[in-house]
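Summary of the model geometry
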Amino acid sequence: MKKNILLLETIAEEANQLLLDSEDIVVHTAFDGLPSAEILSSIDAVITRGLGQVNQQLLDACPRLQVAARCGVGLDNVDVAAATQRKIKVVNAPGSNAATVAEHAIALMLLLQRNLFQALNDVKSGNWAARSTFKSDEVGGKTLGILGLGNIGLKVAKIAEALGMRIIYWSQSPKNVPYQYVTKDELLANSDIISIHVPLTTETENLINAEALSKVKPSCILINTARGQIVDKAALVAALNTGKLAGYGADIPTSPAPAADDPLIVQPKALITAHVSSLTATTYRNMCMSTVSNVLAILRGQAPQPGCIFNLKDL
């Protein structure tokens, strides 16, 4: 009997072709809205990326669902608790984006610390005279504070160490790493650059708030390639406007995406990209291929890659 898979979003062409070439699989799409109730009632697996919502409504409409998968790491758009309650396996691609997100974090650090965005814009606008007033600094010799030393945070630490930075970190517990473990307050007070790599939870939402920002150096740069909601937006804008914070670099601002005239977007000391750190050709392909392969394995009664079933221990 053929299995039915619902794609909520487009995926890498090679991964999509893997599904289409599978004779035991029927692919349905929901790019422009969900299919009929009849089709939904036959769905065995749903695959999404970062926007398509695997929520209560979809779960209720898919009584045969065995797998809810995301081509990525974070599961903000998947109701894991509801899926687990229904004994649905939640699949993601842990660690698949660590290298590329770490590179992106370092790139944002360098852009802000070296004031490269302004320097590039000056040249594009023909303002070569800006060289006489140009101000920047190097990252070598600076202290990098890492909030959350998981796969991504550790890769950031290794790259930063190669650039000559001193590394300190805070996490829920000390790690067996050659870097100094400090309290969160010590990290805030002593870091020249802070890079956020904690997951978004009820405990970490607004982790960097007005109180936290009051403890950093005025010269400090904050990097956020985790989730926008970890930083209190109003407090962040206030700190940038008053000079309490020297710069902010992020790969995702807030959800939903802010307007072009949003106070954070127009703030000249804030450099923000549209959640693109994982969208390099290599990582995007690998995330999609591994996720699709694992979904197919589960539907066929085979063993998927170890660690890909996020809620395995709770099923």
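Keep in mind it's a predicted model, so treat the numbers as computed, not measured. (Residues numbered from 1 in each chain as written. Predicted model: local features only at pLDDT ≥ 70, side-chain atom pairs only at ≥ 80, totals over all residues. Heavy atoms only, no water.)

1. A look at the sheet that holds strand 1 (residues 3–7)
Strands belonging to one sheet form pairs held by backbone hydrogen bonds; the direction of such a pair is parallel or antiparallel. Read from one edge of the open sheet, five strands run 2-1-3-4-5, paired in parallel fashion. Edge positions in the sheet fall to strand 2 (25–29) and strand 5 (89–91), since each has one partner strand and no second. Ignoring which end each strand starts from, the neighbouring axes of this sheet average 20° apart. Where strand 4 (residues 67–70) meets strand 5, three bridges bridge the pair, whose relative direction is parallel. Pairing of A68 across the sheet is with V90, part of strand 5. (Pairing = 2+ DSSP bridges. Helix = DSSP H or I, 4+ residues; strand = E, 2+ residues; numbered from the N terminus. Axes fitted to C-alpha atoms, helices over the stretch in contact; angles between N-to-C directions.)

2. Section: the sheet that holds strand 7 (residues 166–170)
Ordered by their spatial adjacency, seven strands build an open sheet running 8-7-6-9-10-11-12, and the pairing between neighbours is parallel. Both edges of this open sheet fall to strand 8 (180–181) and strand 12 (270–272), since each of them pairs with a single strand only. Strand direction decides the pairing type here: strand 6 (residues 143–147) and strand 9 (residues 193–196), joined by four bridges, are parallel. Bridge pairing in strand 9 links I146 to S195.

3. Some details on the pattern of salt bridges
Summed over all chains, the structure comprises 11 salt bridges. Its salt-bridge partner being R285, residue E14 comes within 2.7 Å of it at the nearest N-O pair. With a gap of 271 residues between them, E14 in helix 1 (residues 13–20) and R285 in helix 12 (residues 281–299) connect regions that are remote in the sequence. The residue K313 makes a salt bridge to D314 at a minimum N-O spacing of 3.8 Å. Taking relative accessible area as the criterion, K313 reaches 73% and is therefore assigned exposed. (Salt bridge = Lys/Arg side-chain N within 4 Å of Asp/Glu carboxyl O. Buried < 20%, exposed > 50% of the residue type's maximum accessible area, 1.4 Å probe, protein only.)

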